[in-house]
Amino acid sequence: MYRVTLDREACDGIFACLVRDDRFTERADGLAGIEGEAADGPEPADGTVTVTFDDDRLADAEQAAAACPVDAISVTTEEGES
Ligand code: SF4
C-alpha cells in the first residue's frame, strides 16, 4: 500500500510524469491528475490530491515523482516518504 500525492498548485503541466507512470493524466486545465482521484469532486482548497494504491507499481510512481521538475509529486509508503 502506498499513497501518491499531487500538488496541483506546484504542477506546471510539463508532463514528465505521464511517460513514467500512465496513471497520471492530462486534465483539461493543462495540469496533471491522478487516475482514481474523484474526477468530478470539488477541487481541494490547497490543490493537493492523494490517491492510495495497493498494487505492484510503486516503482512507476517513484519514477514519476523523481522526474517531476517542480517536485509536485510525492510517494509515501508504510515506511515513510520515498
Ligand atoms: S511532471 Fe510534475 S509538473 Fe509536470 S505535469 Fe507531472 S506533476 Fe505536473
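Report on the accompanying structure. Note that this is a predicted model, so its numbers are computed, not measured.

Here we take up the overall build of the chain. Scanning the chain from terminus to terminus reveals 2 helices and 6 strands. Order of helices (α) and strands (β) in the chain, N terminus to C terminus: β-α-β-β-β-α-β-β. Seen along its three principal axes, the alpha-carbon backbone of the chain occupies a region of about 30 × 25 × 20 Å. Expressed as a percentage of the 82 residues in the chain, the buried residues total 35%. By sequence separation, contacts in the chain at least 24 residues apart represent 61% of the contacts at least 6 residues apart. Surface accessibility of the chain: about 4800 Å² in total, with carbon and sulfur atoms responsible for 45%.

What follows deals with helix α2 (residues 58-67). For α2, the set of buried residues is A61, A64 and A65. With its buried residues spanning 100 degrees around the axis, α2 presents them on a single face. The elements touched by buried residues of α2 are β1 (2-7), α1 (16-20), β2 (24-26) and β5 (73-77).

Grouped together as the largest cluster of nonpolar side chains are 19 residues, with contacts concentrated most on V4, L6, F24, I34 and I73. Contributing elements (two or more residues each) for this core: β1, β3 (32-34), β4 (48-53), α2 and β5.

Scanning all chains against the criterion turns up 7 salt bridges. Salt-bridge contacts for R8 lead to E37; the nearest nitrogen and oxygen are separated by 3.0 Å. In this pair, R8 sits in the loop between β1 and α1 while E37 sits in the loop between β3 and β4, placing the two residues 29 residues apart along the sequence. For the pair R8 and E37, a shared accessibility class is recorded, and that class is buried. Between D29 and R27 there is a salt bridge, with its nearest N and O atoms 2.5 Å apart. You can call R27 partly exposed: its relative accessible area is 25%. Here the salt bridges do not stand alone but share partners, grouping D21, D22, R23, D55, R57 and D60 into one network.

Two measures describe an aromatic ring pair: the distance that separates the ring centres and the angle between the ring planes. This structure, assessed with the given rule, holds 1 aromatic pair. Here the guanidinium or amino end of R23 rests over the ring plane of F53, the centre of that ring lying 4.4 Å away.

Here is what the cut-offs are and how they apply
- Residues numbered from 1 in each chain as written.
- Predicted model: local features only at pLDDT ≥ 70, side-chain atom pairs only at ≥ 80, totals over all residues.
- Heavy atoms only, no water.
- Helix = DSSP H or I, 4+ residues; strand = E, 2+ residues; numbered from the N terminus.
- Buried < 20%, exposed > 50% of the residue type's maximum accessible area, 1.4 Å probe, protein only.
- Contact = heavy atoms within 4.5 Å.
- Areas by Shrake-Rupley, 256 points an atom, 1.4 Å probe, with all protein chains shown as cover.
- Arc of directions from axis to C-beta.
- Core = buried A, V, L, I, M, F, W, Y, C linked by side-chain atoms within 4.5 Å.
- Salt bridge = Lys/Arg side-chain N within 4 Å of Asp/Glu carboxyl O.
- Phe/Tyr/Trp six-rings, centres within 6.5 Å; stacked < 30°, edge-to-face > 60°.
- Lys NZ or Arg CZ within 6 Å of the ring centre and 35° of its normal.

So far we have only geometry, and geometry alone does not tell us how the molecule works.
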